[in-house]
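Structural characterization, general
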Amino acid sequence: MKKILLTTGLLATSAISSAAFAGGGHSPATATINGEDNNPKNDYYTSPNHNPDEVHDFYIGLSGGWTRIDEQDSNFGGALVNTDLDDGWNTSLHLGYDFALAQGVGLRPEIELGYKTNDIDSHSIGGVNTAGADGRSEAYVAMANFYYDFENSSRFTPYVGAGIGAARVNLDGYSSTTTGPMIDDSDTVFAYQGIAGVDFALDEQWSIFSDYKYFTANDPEVTTSAGNTTDVDFDTHNVQVGLKMKF
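Not measured: the values here are computed from a predicted model.

What about the overall build of the chain?
Counting its secondary structure elements, the chain contains 3 helices and 15 strands. A total of 247 residues make up the chain; the buried ones form 43% of that total. Of the contacts formed within the chain by residues at least 6 apart in sequence, a portion of 68% connects residues at least 24 apart. In the form shown here, the chain has an accessible surface area of approximately 11,700 Å², with 58% of it arising from carbon and sulfur atoms.

Some thoughts on the pattern of salt bridges
Scanning the entire structure with this criterion turns up 7 salt bridges. Measuring nitrogen to oxygen at the nearest pair gives 3.2 Å for the salt bridge that ties Asp172 to Arg136. Taken together, the residues span a long stretch of sequence, with Asp172 in strand E10 (residues 156-176) and Arg136 in strand E9 (residues 134-149) at a distance of 36 residues. The exposure class of Asp172 is partly exposed, given its relative accessible area of 26%.

Thoughts on the pairing of strand E7 (residues 107-125)
Where strand E5 (residues 79-85) meets E7, 5 bridges bridge the pair, whose relative direction is antiparallel. Paired with Thr83 across the two strands is His123, which belongs to E7. Relative to E7, strand E6 (residues 88-97) is paired through 8 bridges, and the arrangement is antiparallel. Its bridge partner lying in E7, Gly96 is registered against Glu110. Of the strand pairs in this sheet, E7 and E9 are connected by 13 bridges, and their pairing is antiparallel. Bridge pairing in E9 links Leu113 to Ala142.

Topic: the nonpolar core
In this structure, Ala167, Val169, Leu171, Tyr174, Phe215, Ala217 and Phe234 are the most contacted members of the largest nonpolar core, which totals 21 residues. Put simply, the parts of the chain that give this core at least two residues each are E5, E9, E10, strand E11 (180-201) and strand E12 (206-217). Counting 5 residues, the second largest nonpolar core, distinct from the first, contains Tyr59, Tyr159, Ile195 and Phe209.

With respect to the environment of Leu202
Residue position: Leu202 is located in the loop between E11 and E12. A relative accessible area of 41% means that Leu202 is categorised as partly exposed. Sequence separation between Leu202 and Lys244 is 42 residues; the distance between their C-alpha atoms is 9.9 Å.

Focus: unusual backbone geometry
The bulk of non-glycine residues show a negative phi, and the bulk of peptide bonds are trans. Its identity is not glycine, yet Asp219 carries a phi of approximately 50 degrees, on the positive side. Relative to the assigned elements, Asp219 resides in the loop between E12 and strand E13 (221-223). Among the residues examined, Asp219 registers a relative accessible area of 36% and is labelled partly exposed.

Here's the deal with the packing of aromatic side chains
Note on aromatic pairs: each is described by the distance of the centres and the angle between the planes. By the definition in use, this model includes 9 aromatic pairs. Aromatic pair Phe156 and Phe200: ring centres 4.8 Å apart, planes at 55 degrees, arrangement tilted. Note that Phe156 is positioned in strand E10 and Phe200 in strand E11, a separation of 44 residues in sequence. Residue class for Phe156 comes out partly exposed when judged on its relative accessible area of 45%. Between Arg108 and the ring centre of Tyr147, over which it is positioned, the NZ or CZ distance is 4.2 Å.

A closer look at the environment of Ser210
When you line up the elements, Ser210 lands in strand E12. Note on Ser210: relative accessible area 28%, which makes it partly exposed. Separated by 31 residues in sequence, Ser210 and Val241 place their C-alpha atoms 4.3 Å apart. Excluding residues that lie within four positions of it along the chain, Ser210 makes contacts with Tyr159, Gly197, Val198, Gln240 and Val241. Here Gln240 takes part through its backbone oxygen, which lies 3.1 Å from a polar atom of the side chain of Ser210.

Some thoughts on the side chain of Ser176
Looking at the element boundaries, Ser176 is found in strand E10. Looking at Ser176, its side chain comes within polar contact range of the side chain of Thr179, at 2.8 Å.

How each quantity is defined
- Residues numbered from 1 in each chain as written.
- Predicted model: local features only at pLDDT ≥ 70, side-chain atom pairs only at ≥ 80, totals over all residues.
- Heavy atoms only, no water.
- Helix = DSSP H or I, 4+ residues; strand = E, 2+ residues; numbered from the N terminus.
- Buried < 20%, exposed > 50% of the residue type's maximum accessible area, 1.4 Å probe, protein only.
- Contact = heavy atoms within 4.5 Å.
- Areas by Shrake-Rupley, 256 points an atom, 1.4 Å probe, with all protein chains shown as cover.
- Salt bridge = Lys/Arg side-chain N within 4 Å of Asp/Glu carboxyl O.
- Pairing = 2+ DSSP bridges.
- Core = buried A, V, L, I, M, F, W, Y, C linked by side-chain atoms within 4.5 Å.
- Phe/Tyr/Trp six-rings, centres within 6.5 Å; stacked < 30°, edge-to-face > 60°.
- Lys NZ or Arg CZ within 6 Å of the ring centre and 35° of its normal.
- Polar contact = N/O pair within 3.5 Å; in protein donor to acceptor, adjacent residues only side chain to side chain.

In structure tokens:
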């Protein structure tokens with residue numbers, strides 16, 4: 001339920017913001033210091049060589065950062081197993097289209113290809129930690145994201161968004177010296193995420209960005225070494241920093 005509420009809340013914020021900013025024109029507001037425009041986003045519109053038909057509306061980006069995965073519950077031969085994982089890392093490739101630059105509208109669809117991984121910290125059965133816990137959790141993701149950018153007169157552009165797609169979840173070598181091998185399997189499932197972040201314009205073409213993503217892969221089903229199948233929770237918190245180029 002909390003995952004659904006988070007995503008719904010972000011979408012609602014997006015809709016409210018869309019109404020609040022509906023009065024904007026086809027160019028960003030101008031930021032001035034001592035009478036001079038200091039917002040590189042406005043270079044598209046203030047340059048004497050500007051051609052509205054040649055706006056850099058597509059972009060490509062690369063990002064990476066920190067990933068925390070919530071505790072995973074699974075069924076191993078009839079016993080409930082709780083798995084804690086260490087903090088891990090993620091990386092993503094982004095390709096999108098920026099309607100804000102082309103038409104003064106803060107809408108931005110994007111395709112994201114990503115990878116995230118965390119090592120096992122501990123397995124516990126019946127509240128008792130097993131000895132020698134080992135293994136790694138991985139997810140290869142392909143997401144269709146949709147953002148609303150809060151266009152304004154500064155170099156900073158806050159944004160919110162949501163995405164849906166697919167995740168290939170790999171539970172690699174889950175084991176312990178107490179139990180022996182437990183899970184070594186993978187599954188491809190539906191995935192979704194809620195996003196909030198901020199973009200900082202370096203110039204009219206390059207920017208850096210940072211965001212938080214709450215990502216869920218919808219209950220991958222795997223087979224344990226005991227022969228039973230089990231659903232495994234896969235909910236992650238992700239912080240990314242990236243570089244984006246418009247073209």
